Amino acid sequence: MKQIRILLADITKIKVDAIVNAANTSLLGGGGVDGAIHRAAGPELLKECTALGGCETGQAKITKGYNLPASYVIHTPGPVWRGGSRNEEALLEGSYLNSLKLAEEYGCKTVAFPSISTGIYHFPLDKASTIALRTIDGFLQNSSIIEVVTVACFDEHTKQAYEQAAQSLNMHVPVEITD
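In this text the structure is predicted, and so the values were computed from the model without any measurement.

Caption draft 1: Representation of the packing of helix 4 (residues 125–142) against helix 5 (residues 156–168) within the structure. The interhelical angle for the contact between helix 4 and helix 5, taken along N-to-C directions, is 55°, at an axis separation of 9 Å. Viewed along their axes, helix 4 and helix 5 adopt a mutual orientation that is oblique. The element helix 4 and its partner helix 5 pack so that their crossing is right-handed. Contacts between helix 4 and helix 5 involve Leu125, Ala128, Ser129, Thr130, Ala132 and Leu133 from the former and His157, Thr158, Ala161, Tyr162, Ala165 and Ala166 from the latter.

Caption draft 2: Representation of the packing of helix 3 (residues 88–105) against helix 4. Put simply, helix 3 and helix 4 touch, their axes get as near as 9 Å, and they point 35° apart. Our pair here, helix 3 against helix 4, has a crossing hand that is right-handed. Across the interface between the two elements, Glu89, Leu92, Glu93, Tyr96, Leu97, Leu100, Lys101 and Glu104 from helix 3 touch Lys127, Ala128, Ile131, Ala132, Thr135, Ile136 and Phe139 from helix 4.

Caption draft 3: Up close: the side chain of Asn21. Inspection of the secondary structure puts Asn21 in strand 2 (residues 18–23). A relative accessible area of 0% means that Asn21 is categorised as buried. Residues within four places of Asn21 in sequence aside, it is in contact with Val33, Asp34, Ile37, His38, Val73, Ile74, His75 and Thr76.

Analysis parameters
- Residues numbered from 1 in each chain as written.
- Predicted model: local features only at pLDDT ≥ 70, side-chain atom pairs only at ≥ 80, totals over all residues.
- Heavy atoms only, no water.
- Axes fitted to C-alpha atoms, helices over the stretch in contact; angles between N-to-C directions.
- Helix = DSSP H or I, 4+ residues; strand = E, 2+ residues; numbered from the N terminus.
- Parallel < 35°, antiparallel > 145°, perpendicular 65-115°, else oblique.
- Left-handed = near helix turned anticlockwise from the far one by under 90°.
- Contact = heavy atoms within 4.5 Å.
- Buried < 20%, exposed > 50% of the residue type's maximum accessible area, 1.4 Å probe, protein only.

Written out as structure tokens, the structure is:
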């Protein structure tokens, strides 16, 4: 059965087939989720990312998970919020959609996302959580491979925003909210 899970968690500790990294376009590590994933995965991740030659905003690339409990890391640069007039919403949707397509291509049944672009990129959390859940829900309706998508919220404030978005959307896939 398809399912979306919303939980307060450290994405680097979740046992899934693939975790998504809210990367920068260089894919060479950074702060926040990106830095935490690189530290937890070990130096081999940076070595593989160097060979990828970066990634455009809204697109996605995949690497091995190395020392992470996930088999793969899907790297997607989300958009920097610049007021909403520079295609930010479509780019964020692309980050989620292209990550899910790549996960499916690699046979991943379980995927975990952070809240992409809502940290130092300042994408408004209410808009980002709605875009994320709407995109995940729509994808899961037609996916024959992915079964469970987890949104790993870094803090309670983020988790509450995703809970509110789930309640306001007419979700087709069941949502489980856990602590």
